[in-house]
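Letter by letter, the chains look like this.
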Amino acid sequence: MVGIRRVWWKTVLGLVFTALMLFPLYWMVNVSLTQRSAIRNGDLFPARFTVEHYAVVLRQQLPYLGTSVVVGFGTVAVTLVIAAPAGYALAKLLVPGRRLISFALLVVQMVPAVVMALGFYMIYSRLGVLDTIPGLIMADSTIAVPFGVLVYAAFMSSIPQDLLEAAQLDGASYWRTFSSVVLPLARNSTVTVGLFAFLWAWSDFLFASTLDRGGERLRPITMGLYDYIGSQNQEWGPLMATAVLASIPTAILLIVAQRYIAAGVTAGAVKD
Amino acid sequence: MAFRTATRAPQRKPRVAPESMDRRGQAARRNRRRMRWAGLAFVGPLLVYLLVFYPYPLYENISMSLHRFNRATFVTGQAPFVGFSVYREIFASPQFWPTVRQTAFFVIGSLVCQYVIGLALAVFFRRNFPLSAVLRGLFLVPWLLPIIVSATTWQWMMDADSGIINRLLGVLGLDPVWWLNADHSLTSVTIANIWLGIPFNLVILYSGLQNISPQLYEAAALDGATPWRQFWHITFPLLRPVSAVTLLLGFVYTLKVVDIIWIMSMGTGSSQTLATWAYAMAFGKGASAVIKYSQAAVVGSVLLLIALAMGAVYLFYQRRQED
């Protein structure tokens, strides 16, 4: 009985921690649902409730949300195609210069985004691919690819050698071993990498603000939100409503990914 | 469970009788060769990607720092080569050392707080309790949200007149703080950045904890070790490699932070870091009214050097771990 009481006590404490951590998000939702005249009252809940801010924002920001979705999925595709095979090679195959590659992966993650943005800006303006979606996708993928490779490699090196040798004894080629043994086992890594690639692309502010300078053709939601900060003279209602809309993919993906987390981050496939 | 704890498959030593050594040796060599080709094929796309997408922008950046670019020469591409003279200007600038100090405060303050809080939470969540998985998942939300969302929310919470934080201070009988003015903006953006970084630390440290065998704790508990002693004698030492990775990556991520600072304060006042300074000069916003490509590239190169130095530290650490 003591054990059970102790555990419930932890749950209560956990709820308190989580509430503290998520308070800013609650506050964002609260403000987005409060009437303009009441926003500065600082009520703890939207006492003077309205959804009007959302109506305003949806009229203006919908195309930007579309752009962000396209850029997000493009970045995921590029990242997975490059990272998954590379992770397998680094974890399980002989790769000449493996240390150098691992080192390079670490180092390129350290390159300040500002440096990359300035370099990309220079190159893109020369190539005339400023304000293009593929340009933004490639730039965004540089955030996710090194991370993706390291995540895959870390997970794949924990796959028992016996399992891969068994597949190869059955005559499976490296590609088959990869595609029908390693990749399915690494399903959770794929979710993790894909998730973060999407969210980083979705959230990207730096590349969007530099490689998309006032171009109307592509304007991701982060830039839509940023314009609000500048132009609307601190209209906090619509601003917070846009922020809530920009957070929706996070919410959706977290619910979807939670299933994978629940399935047991690494254990799932082999434990039983 | 064994699967979880094995970080590396045991290396097989060739146990062969001397007489069959030659033939087996040949087969093994052939296998190794095949494996090497396969490895090259699988890692190929990454190699191409790494070679195209990083060195080129880096080269552009460094080249820009050695030429004197302005708006006109940027368009024509006729900027004169000036060696390190732009570097000398930046180092002599009255803004340089204060900015370095502010960057150090931002990075170290963020790292220490994020790590301590993240580790405490990881230990808290180590053993399952009702709702623990859900709560752990919810903790990720701040990390996954677009930074611009979090930053605007913090900006509003830190509003001097009607922000909730000053209201809370008022309830506690404290004076309101001008969070985002020149003097306090560094503290404010650091607080927001700590909040942003806690999930990252929690996730990595939590997964590190899962790789520590529960048997160790069981054995320690049988020997009567208190949770406190278990933490300092099992958790903390065994977590050291994971901690090193967390702090190193954290350092790097924090050093290059632009967006949270930019959105909250546009890098004005004390919140100007090397990264926001470079951004402001590169695109002529905020603290820099005019575009200064070369100066931005110089600050970028300084950031790059620090990053490379961290890479060297990490490699050195990794080598020593393996020995």
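Residues numbered from 1 in each chain as written. Chains lettered and ligands numbered in written order. Predicted model: local features only at pLDDT ≥ 70, side-chain atom pairs only at ≥ 80, totals over all residues.

A. Highlighting the overall build of chain A. For chain A, the count of helices and strands is 12 helices and zero strands. The proportion of buried residues among the 272 residues of chain A is 49%. Considering only contacts within chain A whose residues lie at least 6 apart along the sequence, 76% involve residues at least 24 apart. (Helix = DSSP H or I, 4+ residues; strand = E, 2+ residues; numbered from the N terminus. Buried ≥ 20, exposed ≤ 12 C-beta atoms within 10 Å, placed from the backbone. Contact = placed C-beta atoms within 7 Å.)

B. Here's a closer look at the overall build of chain B. Secondary structure assignment for chain B yields 17 helices and zero strands. Taken over the C-alpha trace, chain B has a radius of gyration of 26 Å; the compact-globule value for 323 residues is 20 Å, which it surpasses by more than 25%. Principal-axis analysis of the C-alpha atoms gives chain B an extent of 80 × 60 × 30 Å. Among the 323 residues that make up chain B, the fraction classed as buried is 39%. Within chain B, contacts between residues at least 6 apart in sequence are counted, and of these 66% link residues at least 24 apart. (Rg over C-alpha atoms; globule rule 2.2 N^0.38 Å.)

C. Structural context of the interface of chain A and chain B. Listed per partner, the contact involves 80 residues of chain A and 77 residues of chain B. The dominant element in the side of chain A that touches chain B, judged by the number of residues it contributes, is helix α1 (residues 2-32) of chain A, at 15 residues. Looking at the side of chain A that touches chain B, its residues break down into 60 nonpolar, 17 polar and three charged. (Nonpolar A, V, L, I, M, F, W, Y, C, P; charged D, E, K, R; others polar.)

D. Representation of the nonpolar core in the model. Grouped together as the largest cluster of nonpolar side chains are 166 residues, with contacts concentrated most on Tyr88, Val114, Val149 and Tyr152 of chain A together with Ile260, Ala278 and Leu303 of chain B. A domain split of this core shows at least three residues from each of domain 1 (1-50) and domain 2 (52-271) of chain A. Once residues within four sequence positions are removed from consideration, Tyr152 of chain A is found in contact with Ala83, Ala84, Gly87, Tyr88, Ala186, Ser189 and Val193 of chain A. (Core = buried A, V, L, I, M, F, W, Y, C linked by C-beta atoms within 7 Å. Domains from an automatic or database assignment.)

E. Summary view of the domain arrangement of chain A. Residue and element names in this part refer to chain A. According to the domain assignment, chain A consists of domain 1 (1-50) and domain 2 (52-271). Across the contact, eight residues belong to domain 1 and eight residues belong to domain 2. Of the residues contributing to the side of domain 1 that touches domain 2, the split by class is four nonpolar, three polar and one charged.

F. Layout of the packing of helix α6 (residues 96-126) of chain B against helix α14 (residues 240-255) of chain B. Residue and element names in this part refer to chain B. In the contact formed by α6 and α14, the axes pass within 9 Å of each other and the chain directions differ by 140°. Accordingly, the angle class assigned to the pair α6 and α14 is oblique. Pair α6 / α14 crosses with right-handed handedness. For the pair α6 and α14, contact is made by Phe106, Val107, Ser110, Leu111, Gln114 and Tyr115 and by Thr246, Leu247, Gly250, Phe251, Thr254 and Leu255, respectively. (Axes fitted to C-alpha atoms, helices over the stretch in contact; angles between N-to-C directions. Parallel < 35°, antiparallel > 145°, perpendicular 65-115°, else oblique. Left-handed = near helix turned anticlockwise from the far one by under 90°.)

G. Fine view of the confidence of the model for chain A. Residues and elements named next belong to chain A. Per-chain confidence: chain A averages 83 in pLDDT, with 89% of residues scoring 70 or above. Helix α12 (residues 268-271) is the least confidently modelled element of chain A, averaging 26 in pLDDT, while helix α2 (residues 52-92) averages 92, the highest of any element. For residues 261-272, every residue scores under 50 in pLDDT, and the model assigns this stretch 16 contacts once sequence neighbours within four places are set aside. (pLDDT = per-residue confidence, 0-100.)

H. Up close: the environment of Ser125 of chain A. Tracing the chain through its elements places Ser125 of chain A in helix α4 (residues 113-127). Sequence spacing of Ser125 of chain A and Ser68 of chain A is 57 residues, and the spatial spacing of their C-alpha atoms is 22 Å.

I. Layout of unusual backbone geometry. Positive phi outside glycine occurs at Asp131 of chain A, with the angle close to 60°. On the basis of neighbour counts, which here come to 17 C-beta atoms within 10 Å, the residue Asp131 of chain A falls in the partly exposed class. Unlike most non-glycine residues, Leu131 of chain B shows phi in positive territory, near 75°. By the element assignment, Leu131 of chain B lies in the loop between α6 and α7 (132-139). The class for Leu131 of chain B is partly exposed, based on 16 C-beta atoms found within 10 Å.

J. Fine view of helix α11 (residues 185-210) of chain B. Residues and elements named next belong to chain B. Taking 1.5 Å of rise per residue, 26 residues should cover 38 Å, and α11 covers 38 Å from first to last C-alpha, within 8% of that figure. Gly197 marks where α11 bends most, by close to 30°; the proline Pro199 follows one to four residues later. Across the 26 residues of α11, 19 count as buried, placing the element largely inside the fold. (Expected span 1.5 Å × (residues − 1). Bend = angle between axes of the 7 residues up to and from the residue.)

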